[in-house]
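One-letter residues, chain by chain:
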Amino acid sequence: MEELDRIPISDLKGIGPGRAQQFASQGIKTVSDLLEYYPRQYLDERTRTAISDIQPGTDVLIRARLISEPKNFHKGRFTITNARAADETGQLALVWFNQPFMVKNLKAGEIYLFRGRVKQNYSRLQLVSPEVRKAENSLPGLVPVYPLGGGLTQKVVFSATGQALDKLEPDQDMLPPIYRQDMLPYDEAVRAMHRPETFSQVEKGRERLVFDELMIQQLALRRVRAQRQKDNKGVVIRPDLSKVRVMEESLPYSLTDAQKRTLDEILKDLASDRAMSRLVQGDVGSGKTIVAFLAAYAAYLCGYQTALMAPTEVLAKQHLESAQKLLAPAGMKVALLTGSVSGKDRQSVLEGLASGSIDFVIGTHALISDPVVFHDPGLVITDEQHRFGVRQRLALSEKGAMTNVLVMTATPIPRTLAMILYGDMDISIIDQMPPGRTPVRTFSVDTSYEPRLYAFMRKQVRAGRQVYIICPMVEESAGQEDADTSEPYMELDSEEKEEKSENAKLPLRPAVQYRDFLQKEVFPDLTVGLLHGKMKPKEKEAVMEAFALGHVQILVSTTVVEVGVNVPNATLMVVENAERFGLAQLHQLRGRVGRGSAESFCVLVSDSHSVLTRKRLKTLCDSTDGFYIAEEDLHLRGAGDVFGLRQHGLPDFKLADLYRDTGILHKAQQLAETIMEADPDLNQLEHRKIRLRLDQFMDRAVTEG
């Protein structure tokens, strides 16, 4: 597609500077971008319902003549447009809300296709806010529906994609015929996505394009690994293992077998002349951090510095406190570098890193700023890796000769997803919990339980414990912090459609208003704190410190608390609107409690009657196995929700679904491996277009990371 990458969208008919800007706001600047702007779903205009057969509560498509001129009338702030349509079997009322322009768009006597939901208004049926298309403009096949934004309309995008398709040629396929097997050629696959006649065509086109996405991504991972092994021989760290064992034995507890196994794998990596690139996965509380500290101690014994980057200042300070307790007595100098470290303190840390007097620095994004220079870098650790983009990860690992990379995540990642995110890394799994960690008892209730829930909160506080309450949004006027507004490329299955429709109707509980209500009406004698992402860093820091010290008994928060300080005294986690969160995120939130010796609880509050939602919440109530929960989340909700929020290190796939497309992923991996083994630099003529696509992909990853 290299030729189409050079054709600006403005070269298409009807796209002037203003319209081009609208497309650019959606990331569409070239014809190539436009062809990758796939429909989010398809409407089948071949199957229609007679007016006499329609039922309330159903979505229908009818072909009917407009028999009355549409009229607007006003009711308060609303504009209501009414009209009537008829076919051979009967008549039907049509109503639109706040769409006064329908009066100009529709003409009595014309035949239209109306698509919408039927509702019963007292004794009569009506079609509510239906989509409208002139009957003579209907397509022979499926009608593509594109995601819109920036002022674009379906008509404009449809016209533009039609022109773009005219520029497609068979020789723009990056895959030689020998690699295609039974897949469609590229140009046919793109046409099948934009102008299909059947859903079967869409599936075949999608399969080919998903294969391309996954294969390029797998090639990129192999290139990164090969480049790292070629250019970075690695800082060899071979400490006196007996000293590492002495440090390990000085701990107030024994490491689990999984921790010991992971530490051995890390020490083996560090001792080789190959740069370490290892991911350590483990549930909240499984003991990843202590293993990382022991790795930092191994680097110190050999005279090398270590850097650890955490996603929040709160977590960085928690790591600092733990590291100083363990490592300072052994002679290591540990320092903090975050955005709030300024003036003389900041200058002192920078000088210490440059001179080598600081052995271990813990910080946030401040670690990758230009002035930070290391004297003898040997190991870089990133915590909660899914919260960092590609560019940040590369920037930290490229500080000096810091080529040994250790990545930690408390979010258990399904194997399929780990292959996508970290295919260039070795993986260690800490799948055991330290002895004495009591499982959190989890329950799912609806809002009718609130009086009993308030009483239970008070009981916990009277016992000297503390409570977290998680809300899905900051305040009523704000957007939903974790809402997923994306649409599927085809129609949802019945369970997904029912869940989406049901849950969209449920009112959301905002953190700001709920905290005020609890403080004034329910717990006036207690201190109810508030924490959310819109607060300034110092404000968040103060709230979390007050909660950690026990000055705040109940903390109302958004998901910003998902990664926070360790508060062993917190024994109850209440999640409002639990239907709005992914399972893996709920499990991560649940990990905020159960950190002490007291019995702990998690209560999921949801009024959803969706079968799929109830199934998801039951999974969390029945299991504390993070890896099982993550697999179920990937199955039920898709990769974008595995971490609760989208775009946290996940590749920007346009079509690929990491659960649905596991089979295609394996095929793509096999071909990527075959190609790289035969032609590592992709210099052969038949691989030229693959190399161009790969270069484009990697340039985008670094730029957008």
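The structure presented is a predicted model; accordingly, all values stated were derived computationally and were not measured. Numbers given for residues are sequential positions, taken from 1 along each chain in its written order. Reporting of local features is limited, given that this is a predicted model, to residues whose pLDDT is at least 70; pairs of side-chain atoms are given and counted only at 80 or more, and all residues count toward the totals for whole chains, interfaces and linings. Values shown for side chains rest on all heavy atoms present in the structure; no hydrogens or waters enter the calculation.

Enquirer: Can you break down the overall build of the chain residue by residue, with the values?
Expert: Helix and strand definitions here come from DSSP, where helices need a minimum of 4 consecutive H or I residues and strands a minimum of 2 consecutive E residues; each element is numbered from the N-terminal end. Along its length, the chain carries 23 helices and 21 strands. Taking all contacts inside the chain whose residues are at least 6 apart in sequence as the whole, residues at least 24 apart take part in 75%. The protein chains shown are the only cover counted for residues, whose accessible areas, like all others here, come from Shrake-Rupley with a 1.4 Å probe. Working note: accessible area of the chain is about 31,600 Å², and carbon and sulfur atoms make up 50% of it. Residue contacts are counted whenever heavy atoms from the two residues lie within 4.5 Å of one another.

Enquirer: Account for the packing of helix α8 (residues 241-249) against helix α10 (residues 288-301), naming residues and giving values.
Expert: Lines fitted to C-alpha atoms define the axes here, with helix axes fitted over just the stretch in contact, and angles between the N-to-C directions of these axes take values from 0 to 180 degrees. Following both chains from N to C, one finds α8 and α10 inclined at 145 degrees, their axes separated by 10 Å at the closest point. Note that α8 runs across α10; the crossing there is right-handed. Residues Lys243, Val244, Met247 and Glu248 of α8 form the contact with α10, whose own contacting residues are Leu294, Tyr297, Ala298 and Leu301. It is the rotation of the near helix from the far one that decides the hand of a crossing: anticlockwise by less than a right angle makes it left-handed, clockwise makes it right-handed.

Enquirer: Before we move on, could you go through helix α6 (residues 186-194) and cite the residues and values that matter?
Expert: Most of α6 is tucked away, with 7 of its 9 residues classed as buried. Exposure classes here rest on a 1.4 Å probe applied to the protein chains alone. A residue is buried below 20% of its type maximum, exposed above 50%, and partly exposed in between. Three or more residues of α6 are buried, namely Tyr186, Asp187, Ala189, Val190, Ala192, Met193 and His194.

Enquirer: I'd love a proper account of the environment of Arg441, names of residues and values included.
Expert: Secondary-structure assignment places Arg441 in strand β16 (residues 441-445). For Arg441, a relative accessible area of 41% gives the class partly exposed. As a C-alpha pair, Arg441 and Leu572 span 131 residues in sequence and 9.5 Å in three-dimensional space. When neighbours within four sequence positions are excluded, Arg441 is seen to be in contact with Glu599, Ser600, Phe601 and Cys602. Reaching out from Arg441, the side chain makes a polar contact with the side chain of Glu599 at a distance of 3.1 Å. Whenever two N or O atoms come within 3.5 Å, that pair is a polar contact, provided that in protein one can donate a hydrogen and the other can accept it, and provided that, for residues adjacent in sequence, both atoms are side-chain atoms.

Enquirer: Please give an account of the side chain of Arg278 that cites residues and values.
Expert: Among the structural elements, Arg278 can be located in strand β9 (residues 277-282). The exposure class of Arg278 is buried, given its relative accessible area of 8%. There is a polar contact of 2.8 Å between the side chain of Arg278 and the side chain of Ser428. Not counting residues up to four positions away in its chain, the partners in contact with Arg278 are Glu265, Ile266, Asp269, Val405, Leu406, Val407, Met425, Asp426, Ile427 and Ser428.

Enquirer: Help me get a handle on the sheet that holds strand β19 (residues 554-557), residues and values and all.
Expert: Any two strands with at least two DSSP-identified bridges between them are counted as paired. Ordered in space as β16-β21-β20-β17-β19-β18, the 6 strands form an open sheet in which the pairing is parallel. The sheet is open, and its two edges are formed by β16 and β18 (528-531), each paired on a single side. Taking the axes of each pair of neighbouring strands and ignoring which way they run, one obtains an average angle of 20 degrees across the sheet. With 4 bridges joining them, β18 and β19 adopt parallel strand pairing. Bridge pairing in β19 links Val528 to Ile554. With respect to the sheet, helix α18 (residues 537-548) is in contact with β17 (466-470), β18, β19 and β20 (570-575), its orientation differing from that of β18 by roughly 145 degrees. Across the sheet, helix α20 (residues 611-622) is in contact with β16 and β21 (601-605); its angle to β16 comes to roughly 160 degrees.

Enquirer: Can you lay out unusual backbone geometry for me, pointing to particular residues and giving the numbers?
Expert: At Tyr122, a residue that is not glycine, the phi angle is positive and equals roughly 60 degrees. Examined against the element boundaries, Tyr122 turns out to sit in the loop between β6 (111-121) and β7 (124-134). Relative accessible area serves as the criterion here: at 75%, Tyr122 is assigned to the exposed category. One non-glycine residue, Leu682, lies in the positive phi region at around 55 degrees. Its location among the elements puts Leu682 in the loop between α22 (662-678) and α23 (688-704). By relative accessible area, Leu682 is classed as buried at 1%.

Enquirer: Summarise the packing of aromatic side chains; cite the residues concerned and give the values.
Expert: Aromatic pairs are defined between Phe, Tyr and Trp rings, using the six-membered ring for Trp, whenever the two ring centres lie within 6.5 Å; interplanar angles under 30 degrees are classed as stacked, those over 60 as edge-to-face, and all others as tilted. Tallied over the entire structure, the rule returns 8 aromatic pairs. The cationic tip of Arg195 hangs over the ring face of Phe158; the distance from NZ or CZ to the ring centre is 3.7 Å. A ring is scored as having a charge over it whenever the NZ atom of a lysine or the CZ atom of an arginine sits within 6 Å of its centre and within 35 degrees of its normal. The cationic tip of Arg509 hangs over the ring face of Tyr514; the distance from NZ or CZ to the ring centre is 4.0 Å.

Enquirer: Give me the lowdown on the sheet that holds strand β11 (residues 334-337), citing residues and values where you can.
Expert: One open sheet holds the 7 strands; their spatial order is β11-β12-β10-β13-β14-β9-β15, and the pairing between them is parallel. Looking at which strands have only one partner, the edges of the open sheet turn out to be β11 and β15 (426-430). Here the strands of the sheet are splayed against their neighbours by 20 degrees on average, with no regard to which way each runs. The pairing of β9 with strand β14 (residues 404-409) spans 5 bridges and is classified as parallel. When the bridges of β14 are listed, Arg278 appears paired with Leu406. Against the sheet, helix α11 (residues 313-327) engages β10 (305-309), β11, β12 (360-363) and β13 (377-383), with an angle of about 170 degrees to β11. Across the face of the sheet, helix α12 (residues 343-355) comes into contact with β10, β11 and β12 while running at roughly 125 degrees to β11.

Enquirer: Please give an account of the packing of helix α9 (residues 257-271) against α10 that cites residues and values.
Expert: Direction vectors running N to C along α9 and α10 enclose 30 degrees, while the axes themselves pass 10 Å from each other. The pairing of α9 with α10 is recorded here as roughly parallel in orientation. Helix-helix and strand crossings are classified by hand; for α9 and α10 the assignment is right-handed. Mapping the contact onto sequence places Gln259, Thr262, Leu263, Ile266, Leu267 and Leu270 in α9 and Ile290, Val291, Leu294, Ala295 and Ala298 in α10. Should an angle fall under 35 degrees it is taken as roughly parallel, and over 145 as roughly antiparallel, whereas 65 to 115 is taken as roughly perpendicular and any remaining angle as oblique.

Enquirer: Explain the nonpolar core residue by residue, including any values.
Expert: Put simply, buried Ala, Val, Leu, Ile, Met, Phe, Trp, Tyr and Cys residues joined by side-chain atoms within 4.5 Å make one nonpolar core. Phe23, Leu175, Met215 and Ile690 are the most contacted members of the largest nonpolar core, which totals 53 residues. Counting only elements with at least two residues in this core, the list comes to α1 (17-24), α2 (31-35), α4 (154-166), α6, α7 (199-231), α22 and α23. It is α7 that provides the largest number of residues to this core, a total of 9 residues. Discounting chain neighbours no more than four positions away, the residues touching Met215 are Met174, Leu175, Ala668, Leu671, Ala672, Ile675 and Ile690.

Enquirer: Tell me about the pattern of salt bridges, and name the residues and values.
Expert: A side-chain nitrogen of Lys or Arg and a carboxyl oxygen of Asp or Glu constitute a salt bridge if their distance falls within 4 Å. Applying the stated criterion to the full structure yields 22 salt bridges. Arg261 serves as the salt-bridge partner of Asp431, at 3.6 Å between the closest nitrogen and oxygen. One end of the pair, Asp431, is in the loop between β15 and β16; the other, Arg261, is in helix α9, with 170 residues separating them in the sequence. The exposure class assigned to Arg261 is partly exposed, which follows from its relative accessible area of 36%. A salt bridge links Asp269 to Arg274; the shortest N-O distance between them is 3.9 Å. The class of Asp269 is buried, set by a relative accessible area of 7%. In this structure, a network of salt bridges that share partners links the residues Glu265, Asp269, Arg274, Arg278 and Asp426.

Enquirer: Tell me about α18, and name the residues and values.
Expert: Here α18 is 12 residues long and its end C-alpha atoms lie 16 Å apart, about the 16 Å a rise of 1.5 Å per residue gives. Looking only at α18, the buried set comprises Glu541, Val543, Met544 and Phe547. When α18 is viewed along its axis, its buried side chains cluster within an angular range of 165 degrees and face the same direction. On its buried side, α18 packs onto α11, β17, β18, β19 and β20. What a helix is expected to span follows from its residue count: subtract one and scale by 1.5 Å. Read the arc as the range of directions from the helix axis to the C-beta atoms.

Enquirer: Please provide a residue-by-residue account of the confidence of the model for the chain, values included.
Expert: The predicted coordinates should not be examined in detail at positions where pLDDT is low. How sure the predictor is of each residue is captured by pLDDT, a score from 0 to 100. Mean pLDDT over the chain stands at 84; residues scoring 70 or higher make up 85%. Confidence over residues 386-391 falls short of pLDDT 50; this stretch has 24 contacts with residues more than four positions distant or in other chains. This stretch, residues 478-494, has a pLDDT under 50; its non-local contacts, to residues over four places away or in other chains, come to 47 contacts.

Enquirer: Summarise the environment of Leu350; cite the residues concerned and give the values.
Expert: The residue Leu350 is located in helix α12 in this model. Beyond its immediate chain neighbours, meaning those up to four positions away, Leu350 contacts Leu337, Pro371, Val372 and Val373.

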